[in-house]
Amino acid sequence: MAVLSRLLRASALTASCSLYAATVRRRGLSLVASEGDLRLPSSAHLSPLGTRKDLTGRNVQWAFLGCPGVGKGTYASRLSQLLGVPHIATGDLVREELSSSGPLADQLRGIVNQGKLVSDEIIVDLLSKRVEKGEAKGESGFILDGFPRTLRQAEILERVTDVDLVINLKLREDVLLEKCLGRRICSQCGGNFNIACIDIKGEDGKPGIYMAPLLPPEGCASKLVTRSDDTEEVVKERLRIYNEMVRSVALSAAGGIPESWPKLLHALHLDGLNREQSLAA
Ligand SMILES: [Zn+2]
């Protein structure tokens, strides 16, 4: 089962689009994916969507990938309710641990307050504990949110379980920042909302982006708070680290020109261009 690390390699190439975007834009092509671009891996073993259980009778085991702020939590949470499987967000696991006391909580506080990402070891540890606790309560299946974030995490995950489907959500970086800064939580019921209204006009043949705010019901409106790590400085640092890390995964996953070149072109939506050039040559 190497689907996940293969996809992470592919998504690493996708995420490095920004490196090439400037060159390609001059040719009048739009290649950077905007929101709503759900890329389903052709290599994933898809059970029919909407089917809760596979042939062995277990529930779906899916994972959401994507930058911080891309909306993974919202989609994962809705699917989890729809399919009756637990939604396991590594961010929530970290926050739960933070609200407890002890040496791990202290260590985490230091990392999170600086906008740094928590290490693979800590994340894997928290996740294993959560899954074990769930299984003891009779839970089956999961929708992971924010994990795996690195190729290494994907490899660790593959050793312990199967993931049937990986969904990679993408969004432009300026929009990501605005969405992160618009996040609000109801201090009473814990509901997640977003007050940012994204409305970017399309230009140079590129489609515009419109994302309505996710406003709270009346009862929550006066109780909204902002997470302490959702400041512009911290969010920018999270995105910088995320991009840096994903790019370094792309480099380490390079499988030589014969394997990597077609993958790169595919990730950049340039398959057609390569064929045209080969014909012209
Ligand atoms: Zn509320």
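Everything that follows concerns the structure shown earlier in this document.
Residues numbered from 1 in each chain as written. Predicted model: local features only at pLDDT ≥ 70, side-chain atom pairs only at ≥ 80, totals over all residues. Heavy atoms only, no water.

**Some thoughts on the overall build of the protein**
Regarding its fold elements, the protein presents twelve helices and nine strands. For the protein, buried positions account for 42% of its 281 residues. A separation threshold of at least 6 residues defines the contact pool for the protein, and within that pool the share at least 24 residues apart is 71%. For the protein, the computed accessible surface area is about 15400 Å², with 54% contributed by carbon and sulfur atoms. (Helix = DSSP H or I, 4+ residues; strand = E, 2+ residues; numbered from the N terminus. Buried < 20%, exposed > 50% of the residue type's maximum accessible area, 1.4 Å probe, protein only. Contact = heavy atoms within 4.5 Å. Areas by Shrake-Rupley, 256 points an atom, 1.4 Å probe, with all protein chains shown as cover.)

**Some details on the coordination of the zinc ion**
Those protein atoms acting as donors to the zinc ion are C186 (SG), C189 (SG) and C220 (SG), and they sit at 2.2 Å. Mapped onto the polypeptide sequence, the residues donating to the zinc ion form the spacing pattern C-x2-C-x30-C. (Donors = N, O, S within 2.8 Å, 3.2 Å for Na, K, Ca; no water.)

**A word on empty space enclosed by the protein**
Where empty space is left can be seen by rolling a probe of water-molecule size over the atoms. In the structure shown here, the tally under the stated rule is two cavities of 30 Å³ or more. One number sums up the size of the second largest cavity: a volume of about 40 Å³. Along the walls of the second largest cavity sit R183, R184, I185, N192, T226, R227 and D230, which together make up its complete lining. Here the lining of the second largest cavity takes three residues from strand β5 (residues 183-186), the largest share from any one element. Grouping the amino acids of the lining of the second largest cavity by side-chain chemistry returns one nonpolar, two polar and four charged. (1 Å grid on protein atoms, 1.4 Å probe; cavity = no way out; pocket = protein on both sides within 12 Å on 5 of 7 lines; lining within 4 Å. Points joined across faces, edges and corners; volume = space filled by probe spheres on them. Nonpolar A, V, L, I, M, F, W, Y, C, P; charged D, E, K, R; others polar.)

**Some remarks on the sheet that holds strand β9 (residues 224-225)**
The strand order across the open sheet formed by three strands is β6-β5-β9, and the pairing between neighbours is antiparallel. Of all the strands in the sheet, just β6 (192-194) and β9 have a single pairing partner and so form its edges. (Pairing = 2+ DSSP bridges.)

**A word on the sheet that holds strand β4 (residues 165-169)**
The strand order across the open sheet built from four strands is β2-β3-β1-β4, with neighbouring strands paired in parallel fashion. Strand pairing shows two members of the sheet lacking a second neighbour, β2 (87-89) and β4, which therefore form its edges. Strand-to-strand twist in this sheet, taken as the mean axis angle between neighbours without regard to direction, amounts to 20 degrees. With five bridges connecting them, strand β1 (residues 61-66) and β4 associate as parallel partners. Bridged to L65 within β4 is N168. (Axes fitted to C-alpha atoms, helices over the stretch in contact; angles between N-to-C directions.)

**Details of the packing of helix α6 (residues 120-136) against helix α7 (residues 151-160)**
Running from N to C, α6 and α7 point in directions that differ by 35 degrees, and their axes come no closer than 10 Å. Of the two possible hands of crossing, α6 and α7 adopt the one that is right-handed. Here α6 contributes D120, E121, I123, V124 and L127 to the contact with α7, which in turn contributes R152, Q153, I156 and L157. Split by residue class, the contact of α6 with α7 holds five nonpolar, one polar and three charged. (Left-handed = near helix turned anticlockwise from the far one by under 90°.)

**Brief notes about the packing of helix α4 (residues 90-99) against α6**
Between α4 and α6, whose axes approach to 10 Å, the crossing angle comes to 95 degrees. With respect to α6, the axis of α4 lies roughly perpendicular. Of α6, the residues touching α4 (which contributes T90, L93, V94 and E97) are I123, L126, L127 and R130. Each residue belonging to the contact of α4 with α6 can be placed in one class, and the counts come to five nonpolar, one polar and two charged. (Parallel < 35°, antiparallel > 145°, perpendicular 65-115°, else oblique.)

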